[in-house]
Amino acid sequence: MSASNWTADFLAQLNADISVVEIDLSSARLWQIESHAWQRFAEQAMQQNLRWAAGWAEQVQNRFLINACFEKHGEYVLLRTIVDDANPELPSQATVYPAANRSERHTQDMFGIKFAGHPDNRRWTRHQAWIENSYPLRKDFPVQGKPVGITAPDMHYPFIKSHGAGTYEIPVGPVHAGIIEPGHFRFQAVGELILNLEERLGYVHKGIEKIAEGRTPESLSKLAGRVSGDTTVGHCWAACMAMEQAAGITIPPRAALIRGILAERERIANHMGDLGAICNDVAFVFAQMQFTRLRELWLRTNATVFGHRLLMDRIVPGGVACDLSEASCNLIRKEIVELRKELTEVILAVDLNSSLEDRLYTAGFLSEQTAAAFGTLGYVGRASGQDFDVRRDTPYAPYDQVTVRVALETQGDIASRFWVRYKEIRTALHLIEDFIDRLVAGELRSEWQTPPAGSEGLGIVEGWRGEIISHIRFDADNKIARFYPRDPSQLNWPALEKLVLDNIVPDFPVCNKSVNGSYSGNDL
Amino acid sequence: MLRLFKKILTTGVVTERLKTPKDEELEQLGIEIKRHIDKQFSRQAVLPDALRVNANLFQTDLSGSIAIRQVDAGSCNGCELEIHALNNPFYDIERFGVHFVASPRHADVLLVTGPVSRHMQTALLRTYEATPNPKWVVAAGDCAACGGEFGVSYASCGAVSNVIPVDAVIPGCPPTPLALMKGLLGLMTVKK
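Residues numbered from 1 in each chain as written. Chains lettered and ligands numbered in written order. Predicted model: local features only at pLDDT ≥ 70, side-chain atom pairs only at ≥ 80, totals over all residues. Heavy atoms only, no water.

Q: Explain helix α7 (residues 253–281) of chain A here, please?
A: Helical geometry: 3.6 residues make up each α-helical turn, so side chains three or four residues apart lie on a common side. Between its first and last C-alpha, α7(A) extends 42 Å over 29 residues, near the 42 Å set by a 1.5 Å rise per residue. Just downstream of α7(A) lies A:Ala283, where phi reads positive at about 65 degrees. (Helix = DSSP H or I, 4+ residues; strand = E, 2+ residues; numbered from the N terminus. Expected span 1.5 Å × (residues − 1).)

Set out below in structure tokens:
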């Protein structure tokens, strides 16, 4: 089957059972179905091997739109249904797609929409900051809410229990021992062996979706750049892409190339930091020091060339806020040559180290089946045979001009994730050189046009952690009505629960680091 | 193994080698920080009598450092990346007597980032209570300083000072490693 015709075949097959209304949206196919068919669609989609990619809801007057995004062969379908606010209920897709599980729980907590038959409908994003039966993302819920003086801890969350001789629990967090984001991990163990891990996230929920409402495009792109600080370029790009689609704007070619350079620089900075940190978690400090040194040099160039070490707010609606001079291009080219040489030296020393092999090989194993079932993304998915990369499979400017080589491994362990990330650094270095060579003179920013009220856009980019999906709907007067960013971490966190099983508790930090999910991007 | 040693030797000590103006500023800052730490964290005065015989030993070995417990109370993780950088070989803040510890019970300073999310409010309060007196709180980053991009909402308490007393504020989104060092020095100069 070719990449493009599965949608037509699938639609024909669906129409025999479910009536689908096709709506033309510039960014994706939008299929609207009756709410009672929500789960049946998922069953059919699963048979066709569609990947469940994202799910979210929005309120339009007294109705809720419920969305789910599916992908196959780089082709996206946005599925939508409408339920009335008098009885917001529809059958769950999480029974078919485990990936939809937490997303539906988030929608349940934030909108009060019930997913009938959900396998685990405990609260997820809600702790105790707002009371049960009130829903922050409903339009009648005030941004300020009704907070009490001190928000109580979420004491009575019904964690999974273990029983039997010798089993015990280890509660970890939310405040962890290192310089790291907060979250709670509940281990059940026998001796050192992990029997079960349950993640309890939501601690850094800061109302991003709610405070996005009513913002201008400029202000939204700033917020999007802080969904997850390490992915500021990725999220900002996805959000701007969505807004530009809604407004019907094409960005200038030079701006697209600069966005590509920014995104690849972000990928390299994060990968270098994490390669070092993975080694540090197994006490191999040499690599940690070398990689943090290289990362620091890289960030200093960011500051010199782009004016910000982490590249925040460089992408703006309609284009970019920074230019690249000829001198800067030369500086970057020189830096890349130097970095390649250094990486080769460091990686040879790392590769030939048997103590590192002992700790990284076979540890934290994620099978291809589990990775596929949870829709695992980015380097975590690619280390477990999930051959997908938005840059190659749904290319957007500037990736439509170049060939993106996607690193793939099937071993599924920490070492695999380590090597995939190393290869991705190499690819990214090539891409930056390629983009610099292709840099054309021209505008940095297209003029903004106020989008019509109700218009929407779906921005999909490959951030350094994997596919980012950003949905935006505009209100009248250039104001945002709804912003939903789906960080890849939302799909990768559940994979961590699986890949630590049968590992020993002391290996949890390195397992966790090899995935490095974003807490902030998950909790919103 | 030989490759490893070769790389270590050829890399050398970046902390001293690079003498760009920025790094001179860094050295200067560090020396200042160390001077203040030495002045204020000399244990001699607080040593119980039984230990006083070993006072000299304590002075040389244990005085002259501060322990920081970093708490992310709702940050986007941007500030954490830059706080991490303080430990890279360029800044290597530990050489000035500043080190990060794993428990608030070992800490002199809480370095708090993020707007305080309501879901982290109790955790932050408990961390504060668990830190022994005398203690200082530094709010690092725009969010911690004033709520930043997130402000106060149903989900966020905003600035750290809305939840616990703050002794110093380091603005920036995120503050650079140098800004963080200046902020720490500022704290010590004020708190004499």
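Q: I tried to follow the pairing of strand β1 (residues 66–72) of chain B on my own but got confused; where do I start?
A: Side chains on a regular strand alternate between the two faces of the sheet. All names here are of chain B. A large share of β1 lies buried, amounting to seven of its seven residues. Neither face of β1 is open: one carries Ile66, Ile68, Gln70 and Asp72, the other Ala67, Arg69 and Val71, and all of them are buried. As defined by bridge partners, β1 adjoins strand β2 (residues 98–100) across three bridges and the pair is classed as parallel. From the neighbouring strand, Ala67 faces β2, where its bridge partner is His99. Read as a crossover between parallel neighbours, the route from β1 over helix α6 (residues 78–85) to β2 is right-handed. Across five bridges, the pairing between β1 and strand β3 (residues 109–113) is parallel. Considered in β3, the bridge of Asp72 is made with Thr113. (Buried < 20%, exposed > 50% of the residue type's maximum accessible area, 1.4 Å probe, protein only. Pairing = 2+ DSSP bridges. Right-handed = clockwise from strand over helix to strand, strands pointing away.)

Q: Help me out: how do you make sense of the pattern of salt bridges in this one?
A: When the charged atoms of two side chains lie near each other, side chains of opposite charge can form a pair. Residue and element names in this part refer to chain A. For the structure on display, the rule yields 48 salt bridges over all chains. For Arg122, the salt bridge is made with Asp120, and the minimal N-O distance between the two is 2.9 Å. Accessibility classification places Arg122 together with Asp120 in one group, the buried group. Bridged by salt links that share partners, the residues Glu264, Arg267, Arg382, Asp389, Arg391, Glu424 and Glu462 form one connected network. (Salt bridge = Lys/Arg side-chain N within 4 Å of Asp/Glu carboxyl O.)

Q: How do you make sense of the environment of A:Gly173 when you look at a structure like this?
A: Residues and elements named next belong to chain A. When you line up the elements, Gly173 lands in the loop between β8 (167–172) and β9 (184–190). Along the backbone, Gly173 and Trp493 are 320 residues apart, and their C-alpha atoms lie at a distance of 16 Å. In contact with Gly173, other than residues within four places in its own chain, are Gly183 and His184. (Contact = heavy atoms within 4.5 Å.)

Q: Help me understand the interface of chain A and chain B, please; the structure alone is not making it clear to me.
A: Bring the parts together and some accessible area is lost; that lost area is often taken as the interface size. On the side of chain B, 54 residues touch chain A, which itself brings 68 residues to the contact. Buried surface at the junction of chain A and chain B, summed over both partners, amounts to about 4800 Å²; 62% is from carbon and sulfur atoms. Counting across the chain A and chain B interface gives four salt bridges. B:Glu149 is the partner of A:Arg215 in a salt bridge, and the nearest nitrogen-oxygen pair spans 2.5 Å. Here chain A is connected to chain B by 25 residue pairs in polar contact (both at pLDDT 80 or more). Listed by contribution, the elements that provide at least two residues to the side of chain A that touches chain B are α4 (208–212), α5 (217–224), α8 (285–306) and α9 (326–351) of chain A. The biggest single contributor to the side of chain A that touches chain B is α8(A), with ten residues. (Buried area = accessible area lost by both parts, 1.4 Å probe. Polar contact = N/O pair within 3.5 Å; in protein donor to acceptor, adjacent residues only side chain to side chain.)

Q: How should I be thinking about the pairing of β3(B) in this particular structure?
A: Residue and element names in this part refer to chain B. In terms of burial, β3 is largely enclosed, as five of its five residues are buried. Residues Val109, Leu111 and Thr113 of β3 are buried on one face, and the alternating residues Leu110 and Val112, pointing to the opposite face, are buried as well. Where β3 lies against strand β4 (residues 136–140), five bridges are found, and the strand directions are parallel. Bridge pairing in β4 links Leu110 to Val137.

Q: When you look at the nonpolar core in this model, what are you seeing that I'm missing?
A: What tends to happen in soluble globular proteins is that the nonpolar side chains get buried as a cluster. Core analysis: the biggest nonpolar cluster contains 132 residues, and A:Leu262, A:Ile268, A:Trp298, A:Phe306, A:Tyr399, A:Ile472 and A:Phe483 have the highest contact counts within it. For A:Phe483, the contacting residues outside a window of four places in its chain are A:Ile208, A:Glu209, A:Ala212, A:Leu220, A:Ala224, A:Val227, A:Ala239, A:Ser470, A:His471 and A:Ile472. Counting residues in each nonpolar core, the second largest holds 41 residues, with A:Leu50, A:Ala57, A:Leu137 and B:Tyr154 among its members. (Core = buried A, V, L, I, M, F, W, Y, C linked by side-chain atoms within 4.5 Å.)

Q: Honestly, the side chain of A:Asn492 in this entry has me stumped. Any pointers?
A: Tracing the chain through its elements places A:Asn492 in helix α15 (residues 489–499). Each residue touching A:Asn492, except ones within four places of it in the same chain, is listed here: A:Thr376, A:Leu377, A:Val380, A:Arg465 and A:Val515.

Q: Is there a simple way to think about the packing of aromatic side chains in this case?
A: To describe a pair of aromatic rings, one takes the distance between the centres and the angle between the planes. Residue and element names in this part refer to chain A. Evaluated as defined, the whole model comprises 25 aromatic pairs over all chains. Judged by centre distance (6.0 Å) and plane angle (70 degrees), the rings of Phe284 and Phe286 are edge-to-face. Considered together, Phe284 and Phe286 belong to a single accessibility category, that of buried residues. Ring geometry for Tyr379 against Trp464: centres 6.1 Å apart, planes inclined by 20 degrees, an arrangement best described as stacked. (Phe/Tyr/Trp six-rings, centres within 6.5 Å; stacked < 30°, edge-to-face > 60°.)

Q: Explanation requested: helix α1 (residues 6–15) of chain A in the structure shown.
A: All names here are of chain A. Listed in full, the buried residues belonging to α1 are Trp6, Thr7, Phe10, Leu11 and Leu14. Projected down its long axis, α1 shows its buried positions confined to an angular sector of 125 degrees, all on one face. Each element contacted by the buried residues of α1 is listed here: β1 (21–24), β2 (29–32), α2 (38–47), β4 (63–72) and β5 (75–84). (Arc of directions from axis to C-beta.)

Q: Help me understand unusual backbone geometry, please; the structure alone is not making it clear to me.
A: Note: most residues except glycine have negative phi, and most peptide bonds are trans. Residues and elements named next belong to chain A. Put simply, Ala397 and Pro398 share a cis peptide bond, and its omega is 5 degrees. Mapped onto the secondary structure, Pro398 falls in the loop between α13 (390–393) and α14 (414–438). The phi torsion at Thr362 lies on the positive side, around 70 degrees, for a residue other than glycine. One non-glycine residue, Asp477, lies in positive phi territory at about 60 degrees. Note on placement: Asp477 falls in the loop between β14 (466–474) and β15 (480–486). On the basis of relative accessible area, Asp477 is assigned to the exposed category, the value being 66%.

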